[in-house]
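# Structural characterization, general
Residues per chain are reported as follows:
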Amino acid sequence: MPDSFRNPADQDLDGHLAATPVLDEETPFASVQSLFDEAAEKLGVAEDAYHVLRKPDREISCAVPVQLDNGRLGVFDGWRVQHNMGMGPFMGPMRLDPNLKLDDLRALAAWMTWKCAVLNIPFGGAAGGIKINTKRRSQTEVERAVRRYTANLLDVLGPDSDILAPDVASDENVMAWVMDTVSLHERHTAGAAVTGKPVALGGSAGMRDGTARGLRAILNLALERLRIGSLDHRPVVVIQGAGHVGGNLARLLHGAGFTVAGISDVNVALYDPEGLPIPEILEHRAKSGTLVDCKVECARMTNEELLAVECDVLVPCAIANAINSSNAVDVRAKLIVEGAHGPVSARADRILDERGLPVVPDILANAGGVVTNYFEWVQNRQGLNWVPDLVSRRRRRFMTEAWNAVLAFREQYDVRLRMAAHMLAVKRVSEADALRGIYA
Amino acid sequence: MSQGTAAAGAGSTDAQSQQDEFNPFQAMADRFDRAADLLGLEEGVREVIRAPDREVIVSFPVLMDDGKVKVFKGYRVQHSFLRGPAKGGIRFAPDVHLDEVRALAAWMTWKCSVVNVPFGGGKGGVVCDPRKMSRGELERMTRRYTAAIMDVLGPERDVPAPDMNTNEQTMAWIMDTYSMHARRSTTAVVTGKPLSLGGSRGRTEATGRGVMISCREALKTLGMRPENTAAVVQGAGNVGGIGAQLLHREGYKVVSISDISGAIYNERGLDIPDVLSYIKQNRTLEGYTEADHLPHAEQLELECDLLAPCATENQITSRNVDKIRAKLIVEGANGPTTSAADDILEERGTLVVPDILSNAGGVTVSYFEWVQDRMGYFWTEDIVNTRLEQSMVAAFNDVDKVRKKYDVSMRIASYILAMDRVASVYRLRGLFG
């Protein structure tokens, strides 16, 4: 093949970006499926329903041709996986990632189905994206790719069909392009086709720290209902990550009187068992973009060391598989609340379960973001924006109801929290599927 | 338990007049005319709001379990679109016929208008015997019927609901079929769905709750108090059972309740939660020991302040109206009082809260379900109940004002109010084309 015949889009693949470190060997799809299998078996889901639930309803691959700034045409790969529509329209992330794989999207779509079901949100799960390196592409190239991808999928997108949300490398600007493209093709404003939009285009109040606020609600419920910590000291929390999940959570907990003893970014972890001055630290990070040269007086350590300090609650909010089979035995927290996606690997999960250390799973704990996305969709349909206070109150109600339902399953079936959450989700989706039946 | 049909008339003229009396749609037509006269509706408007806007008759094939194809006949009548999309039940029964569906559709127009929900009236049905069909056959029939009337259905066109022999599951099939054809999730196309598919909290209890609210508002106009009110409830199902339970909770002395097997009576008041749990366990009132048992006919004639017929049509007729001793009748069923009995009750000064007002709690919460589906956000049961309360109280007061203004019965006042609302929307919208 002559060099000139090379697809310019392939440049994005040269020199893979550091992928999420997968220390345990299971792929995300395999993990999701094995959790589903276990939940379905414990629930006694009928075999026919089991096969329906296990397979995505629809997978779409599309070529995304883009006029590049150098005049050439780059053809990128795009996908959208729609997992299950029993509970309502599909909803899920759109990611822009040079390492995007169909298998990961399948996992993410299934995971979204279960997450929405745990929260009792009327959506099925979906996931999609474009295999593109936004760091190597100009903004105009990215915009053209996003618009063309949207146009390719128009037949299956829409407020009652499939709703997109931001994810890796896709922010509120990307969502605005998607919304604009759908609206222009449909010839009417279709705000509810996309969530995570800028506030000026119908975005919801409370989107920025939605996940963190949901986490805080779950953390409080877990401390209370699982009777962790004691009355004579304020709960000691260690947070891995200082971004919009970890950072916001630290700020909220610090404000509520918790002792935030540890926080980290990708470079360093700060630790003080008596409690860190969180506002100062976050201010520094906002200015410099890192915790490295933060002047606060405290101990410095690696992320690995931070995960092993003694505390009441450990909240991993950074990367997948942060707690894995090699370090799970070292964790000295009394409770783990998952802020990130899959921060505890499947193997580590079993180890922690054997140790009797409760883990509040991601599909429950970090669902505050998805709940806020759902609220945005509702507000767009109503044409009415809720005040921030109303968003917070309603989010708390959804998180509390989900927590109560998961806890009831845990007690009824005598399983770990993660399994209880998956069983609850599988039960809700399989019931909705059964009521609707199989048509045509 | 219809004493009406059991008592056959002697002569043919008698039989004819009785047939007329027991035809609830004839009764509605009589009331329509009387209300139209009182309103002074001009002939053209009267015709416009009386005639059904659209009647769809479909024949459609269904593959039966024995491998044969059977063709079913189905109807959907949309009586009025003036106040909004059509709204009304779908029934499956061997004796469904167009006349009945047409009358029930008109009935829905007036009911929706009285409680001021933005719908016109509709009704549909399929001629079939659901007791003799398998679940698979019922599902295939429901889906094919839905596909056949698909063009006239939709959240903005016509929103069906459960009726005789149809239920949550039927609604789920309709919602799924419509959604698959429309290629998007369309929960708002039907109401009465299961909670997990966009149903509303508080819907099952809504009609009974509406009956309780109507009782309370009526007591206020009579200057009576719940704790001094002896109530007789006919029926112990979704309407009568829930209604009795709520009346009991509000402090009424519920002295009698009935089910298909007969009635029970206790002068000092029944322990309603106990009675209902007995029925739940034994599926009948028969054998309940904490009360006297008596036949249906005698129940209606008991000494009481409030009578709530919540079972079936034609219970209070020219034959037994003289023996009815209640001061207040609140209709939970559709058409429990015949037109002839109505006139006598009116002369006697018995207050009758009519079906299109007092049992409209069901359609009101159906409307709430549609609203919730359109926004995709679901209210707590408290909010549903609070809003139902507001709607019912407002409707009751609206009717009461009309009653005083025209010096008529609550029933005629309800028709006047409903028809006036439809007629004034007609005048605002004008004629298109």
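Residues numbered from 1 in each chain as written. Chains lettered and ligands numbered in written order. Predicted model: local features only at pLDDT ≥ 70, side-chain atom pairs only at ≥ 80, totals over all residues.

Below, the discussion takes up the overall build of chain A. Counting its regular elements, chain A contains 14 helices and twelve strands. In terms of overall dimensions, chain A is globule-like: its C-alpha atoms have a radius of gyration of 22 Å, near the 22 Å expected for 440 residues. Principal-axis analysis of the C-alpha atoms gives chain A an extent of 65 × 55 × 50 Å. Across the 440 residues of chain A, 53% fall into the buried class. Long-range pairs, those at least 24 residues apart, make up 69% of the contacts in chain A with a sequence separation of at least 6. (Helix = DSSP H or I, 4+ residues; strand = E, 2+ residues; numbered from the N terminus. Rg over C-alpha atoms; globule rule 2.2 N^0.38 Å. Buried ≥ 20, exposed ≤ 12 C-beta atoms within 10 Å, placed from the backbone. Contact = placed C-beta atoms within 7 Å.)

A separate point is the overall build of chain B. Counting secondary structure elements, chain B contains 16 helices and twelve strands. Relative to the globule expectation of 22 Å for 433 residues, the C-alpha radius of gyration of chain B, 21 Å, shows essentially globular dimensions. On the principal axes, the C-alpha backbone points of chain B span a range of 60 × 55 × 55 Å. When burial is assessed residue by residue, chain B has 51% of its 433 residues classed as buried. When contacts within chain B are restricted to residue pairs at least 6 apart in sequence, long-range pairs at least 24 apart make up 70% of them.

Residues and elements named next belong to chain A. Phi angles above zero are rare outside glycine, and R227 is one such case at about 50°. Its place among the elements puts R227 in the loop between α6 (210-225) and β6 (236-240). Judged by local crowding, R227 falls into the exposed class, with 9 C-beta atoms found within 10 Å. Phi angles above zero are rare outside glycine, and N321 is one such case at about 60°. Relative to the elements of secondary structure, N321 occurs in the loop between β10 (310-316) and β11 (332-337). For N321, a count of 23 C-beta atoms within 10 Å puts it in the buried group.

Take the interface of chain B and chain A next. Between chain B and chain A, the contact holds 20 residues from the first and 19 residues from the second. Of all the elements in the fold, those that place two or more residues in the side of chain B that touches chain A are α6 (135-149), α7 (168-182) and α14 (361-375) of chain B. Across the side of chain B that touches chain A, the residue classes tally to seven nonpolar, seven polar and six charged. (Nonpolar A, V, L, I, M, F, W, Y, C, P; charged D, E, K, R; others polar.)

Residues and elements named next belong to chain B. In this model helix α15 (residues 381-406) runs 37 Å from its N-terminal to its C-terminal C-alpha over 26 residues, within 8% of the 38 Å that 1.5 Å per residue would give. For α15, every residue scored as buried is listed here: V384, L388, S391, M392, A395, F396, V399, V402 and R403. Check the buried side of α15 and you find it contacts α5 (98-114), α8 (206-222), α13 (355-358), α14 and α16 (410-429). Count one or two residues on from α15 and you reach D407, which has phi positive near 50°. (Expected span 1.5 Å × (residues − 1).)

Moving on, we come to the domain arrangement of chain B. Per the domain assignment, the segments of chain B are domain 1 (53-197) and domain 2 (206-358). Measuring from the centre of the C-alpha atoms in domain 1 of chain B to the corresponding centre in domain 2 of chain B gives 31 Å. (Domains from an automatic or database assignment.)

This next bit is on the environment of B:I324. All names here are of chain B. In this structure, I324 sits in the loop between β10 (306-309) and β11 (328-330). When the 22 C-beta atoms within 10 Å are taken as the criterion, I324 is described as buried. For I324 and T350, which are 26 residues apart along the polypeptide, the C-alpha to C-alpha distance reads 9.7 Å. Residues in contact with I324, not counting those within four places in the same chain, are L300, E301, L307 and I316.

Turning to the sheet that holds strand β8 (residues 269-271) of chain A, a few remarks are in order. Hydrogen bonds between backbone atoms are what pair the strands of a sheet, whose relative direction is either parallel or antiparallel. All names here are of chain A. In spatial order, the strands read β9-β8-β7-β6-β10-β11-β12; together these seven strands make up an open sheet with mixed pairing. Each of the sheet's edge strands pairs with one partner strand only, and the pair in question is β9 (299-301) and β12 (359-360). Sheet analysis places β11 next to β12, joined by two bridges and oriented parallel. Residue V337 lies in a different strand from β12, and its bridge partner there is V360. With respect to the sheet, α6 is in contact with β10, β11 and β12, its orientation differing from that of β11 by roughly 130°. (Pairing = 2+ DSSP bridges. Axes fitted to C-alpha atoms, helices over the stretch in contact; angles between N-to-C directions.)

A separate point is the packing of helix α3 (residues 102-118) of chain A against helix α14 (residues 417-436) of chain A. Residues and elements named next belong to chain A. One can describe the packing of α3 onto α14 by two numbers: an axis separation of 8 Å at closest approach and a directional angle of 90°. Relative to α14, the element α3 is oriented roughly perpendicular. Taking contact as the criterion, the partners of T113, W114, A117 and V118 in α3 are, on α14, A421, H422, L424, A425, R428 and V429. When its residues are assigned to classes, the contact of α3 with α14 shows seven nonpolar, two polar and one charged. (Parallel < 35°, antiparallel > 145°, perpendicular 65-115°, else oblique.)

Turning our eyes to something else, we now look at the confidence of the model for chain B. Fine structural detail should not be taken from predicted coordinates in areas where pLDDT scores are low. Residue and element names in this part refer to chain B. With 96% of its residues at a pLDDT of at least 70, chain B reaches an overall mean of 93. Across residues 1-11, where pLDDT falls below 50, the model places 15 contacts with residues more than four positions away in sequence or in other chains. Across the interfaces of the predicted complex, the ipTM metric reaches 0.84, alongside a pTM of 0.89. (pLDDT = per-residue confidence, 0-100.)

A few words on the sheet that holds strand β12 (residues 351-353) of chain B. Residues and elements named next belong to chain B. Here seven strands make up an open sheet; going across it, the order is β9-β8-β7-β6-β10-β11-β12 and the pairing mixed. In the strand order of this sheet, the two ends are held by β9 (292-294) and β12, each with one partner. In this sheet, neighbouring strand axes are inclined to one another by 20° on average, regardless of whether the strands run parallel or antiparallel. Bridge count between strand β7 (residues 253-259) and strand β8 (residues 262-265): four bridges; the pairing is antiparallel. Paired with I257 across the two strands is I264, which belongs to β8.

On to the pairing of strand β2 (residues 69-78) of chain B. All names here are of chain B. Relative to β2, strand β1 (residues 54-63) runs antiparallel, the two sharing ten bridges. The partner of V56 across the bridge, within β2, is R76. Counted between consecutive antiparallel strands, the loop separating β1 from β2 contains five residues, among which G67 sits at a positive phi close to 90°. Bridge count between β2 and strand β4 (residues 120-127): six bridges; the pairing is antiparallel. From the neighbouring strand, G74 faces β4, where its bridge partner is V126.

What follows is about the domain arrangement of chain A. Taken domain by domain, chain A consists of domain 1 (56-194) and domain 2 (210-365). Between the C-alpha centres of domain 1 of chain A and domain 2 of chain A there is a distance of 31 Å.

What follows deals with the confidence of the model for chain A. When pLDDT is averaged along chain A, the result is 93; 95% of the residues meet or exceed 70. Note on residues 15-22 of chain A: pLDDT is under 50 here. Beyond four places in sequence and across chains, it has eight contacts.

A few words now on helix α1 (residues 28-43) of chain A. In an α-helix, one full turn covers 3.6 residues, which means residues spaced three or four apart are oriented alike. All names here are of chain A. If you check α1, its first and last C-alpha atoms are 23 Å apart, about what 16 residues at 1.5 Å a residue would give, namely 22 Å. Three or more residues of α1 are buried, namely P28, S31, V32, L35, F36, A39 and A40. Looking straight down α1, one finds its buried side chains confined to an arc of 160°; they lie on one side. The outward face of α1, more than 90 degrees from its buried face, is lined by the exposed residues S34 and E41. Summarising the contacts, the buried residues of α1 are in contact with α2 (47-54), α3, α10 (346-355) and α14. (Arc of directions from axis to C-beta.)

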